[in-house]
Amino acid sequence: MCGIIGYSGPLEAKNILLEGLAQLEYRGYDSAGIACFDTRSAVQVVKRTGKVAALKEACASMLRHSHCGIGHTRWATHGGVSDTNAHPHRAGRVTLIHNGIIENYHSLTKRFSLESRLVSQTDSEVAAWLLDAFYTGDPYSAVRQLAECVRGSYGFCIMFDDRPGEIYGIRSVSPLVAAYTRSGALVASDLTALIPYTRKYFVVPENHIVKLTGYKISLYDLDGNAVLPEIMEVNWNMDAAMKNGFPHFMLKEIHEQPEALKNTILPRMTKGLPDFTDDQIPDEIFTECAQIHVVACGTAMHAGMVARALMEPVLRIPVMVSIASEFRYEEPLIDEKTLVIIISQSGETIDTLAALRLAKSCGSKTLAIVNVKGSTIARESDYVLYTHAGPEIAVASTKAYSVQLAALYMTSCRMALVRGKFTREQAAAFLAGLLDAIPAMETMIRQKDTERELVTHLIQQNDTFFMGRGLDYAFSLEGALKLKEISYIHAEAYAAGELKHGTIALIAPEVPVIAIATQEHVFSKMISNVREVKARGAFVILLTKEHARVDEGLADIHIKIPDLDDRFTVFPIAVILQLIAYYASIGKNLDVDQPRNLAKSVTVE
Ligand code: AGP
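Treat the numbers as computed from the prediction; the structure is a model and nothing was measured.

### A few points about empty space enclosed by the protein
Inference 1: One pass over the full model with this rule turns up two cavities of 30 Å³ or more.
Inference 2: In this model, the largest cavity occupies a volume close to 60 Å³.
Inference 3: Residue lining of the largest cavity: Cys2, Arg74, Trp75, Thr77, His78, His87, His98, Gly100, Thr122, Asp123 and Ser124, and that is the complete set.
Inference 4: Elements with a minimum of two residues in the lining of the largest cavity: β6 (94-102) and α4 (123-134).

Pasting the structure below:
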């Protein structure tokens, strides 16, 4: 979950590391630190709790004229948030930064009698001391021995005192990308730190050692053989990772959704029909499966819930959705006749990755819907459908959700077509309906003042309830998550018919209820449920289609979306729910893009 970066080259290392950490900060922001070889080739470390800005201030007059260093921004796992627990860690002749979790650090501490040496409470410092113990002048041998004894996930960047100008890296599960550029050699936990310097990069393969010097990068397997890296090219530029005039990344990313949707859908349409030829996804995976299992976490899992509600009635085969962290331990009933759809923006979420590996070991076909090109999930899945949202920086997922939905809608349409559940005309009409959702989203983005105003009531309350039926219930789940994570208002989503079975006891005067009622076939039932909460004094924010007629006074606020086919209302509704969460966070003066306790990419269990 942490952000890591290493640099060796002709430029001032401190500046490159600090700029890189600012780009990576969304991965974790409890504390940050850098270590550089100084002009006398001695390693100097500066680390601080708080954000990168605090670190920048702390080293303003230090670490000048250095050309090699490593930097880290932390999301605490082992050990609290403190200067001592911040990375880099020093151990004898070793300086190390780590992203991941070392599961056996307790037993390693005992086995190598490290208790008296440790100054922090972190698992990472144990790795630093191990390296120091293994180091006899050969960095490869020391790193190899470290890899042999640690269990868990890691991306390490390491400097040895007697090797100024050199950085060594190794990873298992946690990501590491590297590039040699005109400005020098860089390694980082993700691409956003490399983009200012290059568009070409490579993913450090698991259990390979990467070595950076000021003039080259080398890659070796654990037997010491040189390996040619597989160079990839990013398809977005630095602009995509900047705020570009928006006050927050989240607001910018909400605005980017219509474009992201077009980029994801249009290249996959041939004569009005879904076409995955360029993605090299064969129709057999759609025709030969007897069931579908969608696995993901958080927002991506909510996209899966929408897909289930959409797919099952059309395909008439079981479609199940699982939370990845549960799926991997529940011995799921999947086999070679199961298509497992894995959804992940980052492509690095550890539970989702483990679920993918489990699915493959059961013989299931795997299709990953992923945003980050070359990520671990993308590389390990049998097939990949990339979403083209560009980098999503705000911790709260917005555009990634919409494009995941778009990819799932297209998958569903292609499946229905090749399984004979849709005629060509029906499939073409479906895709046309999907495209109609884009201007509807634009309309809701233009009308964002509505949400800005309505949050004044919301932010004075401790709880908010979301409710809906069918697809609307699936959308509610995401609305509640969004509100919780950035406004810290407790929020829950309910299938509207379920409220009476307990939760309605919590509805008291002024409690906000966000009721989504866009599904025609359950509209009247839904309105009855709204009446029930209104009768108990709830403050009702009702979301319907334009033409919907509701009794005067039923809703305190009524937001209307353009009249769309029921199947596509999620797109404009998502915008409304995202904006409600966004303005609630602003209204409470919170850190919208980097909410407390969270990190963008969850690479630990
Ligand atoms: C939601 O806003 C979160 N950022 C989170 O739930 C996220 O969707 C989840 O951690 C999954 O991440 P992934 O898509 O990168 O796998």
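On we go.
### Here's the deal with the nonpolar core
Inference 1: Membership of the largest hydrophobic core comes to 130 residues, with the highest contact counts inside it found for Ile292, Tyr409 and Phe571.
Inference 2: When residues of this core are assigned to their parent elements, the largest contribution, 13 residues, is made by helix α18 (residues 570-587).

### Some details on unusual backbone geometry
Inference 1: With omega at 0°, the peptide bond leading from His87 into Pro88 counts as cis.
Inference 2: If you trace the backbone, Pro88 turns up in the loop between β4 (68-74) and β5 (89-91).
Inference 3: Phi at Gln280 is positive, roughly 55°, even though this residue is not glycine.
Inference 4: Its place among the elements puts Gln280 in the loop between β16 (273-274) and α8 (284-287).
Inference 5: Overall, Gln280 belongs to the exposed group, its relative accessible area being 64%.
Inference 6: Positive phi, close to 45°, is recorded for Glu331, a residue that is not glycine.
Inference 7: Position of Glu331 among the secondary structure elements: in the loop between α10 (324-327) and β19 (338-344).
Inference 8: On the basis of relative accessibility, which here comes to 73%, the residue Glu331 falls in the exposed class.

### Structural notes on the packing of helix α13 (residues 399-418) against helix α14 (residues 424-446)
Inference 1: Following both chains from N to C, one finds α13 and α14 inclined at 170°, their axes separated by 9 Å at the closest point. Judged on the interaxial angle alone, α14 and α13 are roughly antiparallel. Note on element contacts: α14 touches α13 through Arg424, Ala427, Phe430, Leu431, Leu434 and Met441, opposite Ser402, Ala406, Tyr409, Met410, Cys413 and Leu417.
Inference 2: Residue classes in the contact of α13 with α14 are distributed as ten nonpolar, one polar and one charged.

### Re the site of the ligand
Inference 1: Inspection of the region around the ligand gives 14 residues, with Ser344, Gln345, Ser346, Thr349 and Glu485 positioned closest.
Inference 2: Gln345 places a polar main-chain atom, nitrogen or oxygen, 2.6 Å from an oxygen atom of the ligand.
Inference 3: Measuring from an oxygen atom of the ligand, one finds a side-chain N or O atom of Glu485 at 2.4 Å.
Inference 4: For the ligand, whose free accessible area comes to 410 Å², the fraction covered by protein is 91%.
Inference 5: Looking at the shell around the ligand, the elements with two or more residues in it are α9 (298-315) and α16 (471-487).
Inference 6: The class makeup of the residues in the shell around the ligand is five nonpolar, seven polar and two charged.

### Regarding the packing of α16 against α18
Helix packing geometry: the angle between the two helix axes and the distance between the axes.
Inference 1: Remark: α16 packs on α18, axes separated minimally by 8 Å, with the N-to-C direction vectors making an angle of 20°. By the criterion of interaxial angle, the relationship of α16 to α18 is roughly parallel. Seen along the crossing, α16 lies across α18 with a hand that is right-handed. On the side of α16, the interface is formed by Phe475, Gly479, Lys482, Leu483, Ile486 and Ser487, while α18 contributes Val570, Ile573, Leu577, Gln578, Ile580, Ala581, Tyr582, Ala584 and Ser585.
Inference 2: Considered class by class, the residues forming the contact of α16 with α18 number ten nonpolar, four polar and one charged.

What counts and what doesn't
- Residues numbered from 1 in each chain as written.
- Predicted model: local features only at pLDDT ≥ 70, side-chain atom pairs only at ≥ 80, totals over all residues.
- Heavy atoms only, no water.
- 1 Å grid on protein atoms, 1.4 Å probe; cavity = no way out; pocket = protein on both sides within 12 Å on 5 of 7 lines; lining within 4 Å.
- Points joined across faces, edges and corners; volume = space filled by probe spheres on them.
- Helix = DSSP H or I, 4+ residues; strand = E, 2+ residues; numbered from the N terminus.
- Core = buried A, V, L, I, M, F, W, Y, C linked by side-chain atoms within 4.5 Å.
- Buried < 20%, exposed > 50% of the residue type's maximum accessible area, 1.4 Å probe, protein only.
- Axes fitted to C-alpha atoms, helices over the stretch in contact; angles between N-to-C directions.
- Parallel < 35°, antiparallel > 145°, perpendicular 65-115°, else oblique.
- Contact = heavy atoms within 4.5 Å.
- Nonpolar A, V, L, I, M, F, W, Y, C, P; charged D, E, K, R; others polar.
- Near = heavy atom within 4 Å.
- Polar contact = N/O pair within 3.5 Å; in protein donor to acceptor, adjacent residues only side chain to side chain.
- Areas by Shrake-Rupley, 256 points an atom, 1.4 Å probe, with all protein chains shown as cover.
- Left-handed = near helix turned anticlockwise from the far one by under 90°.

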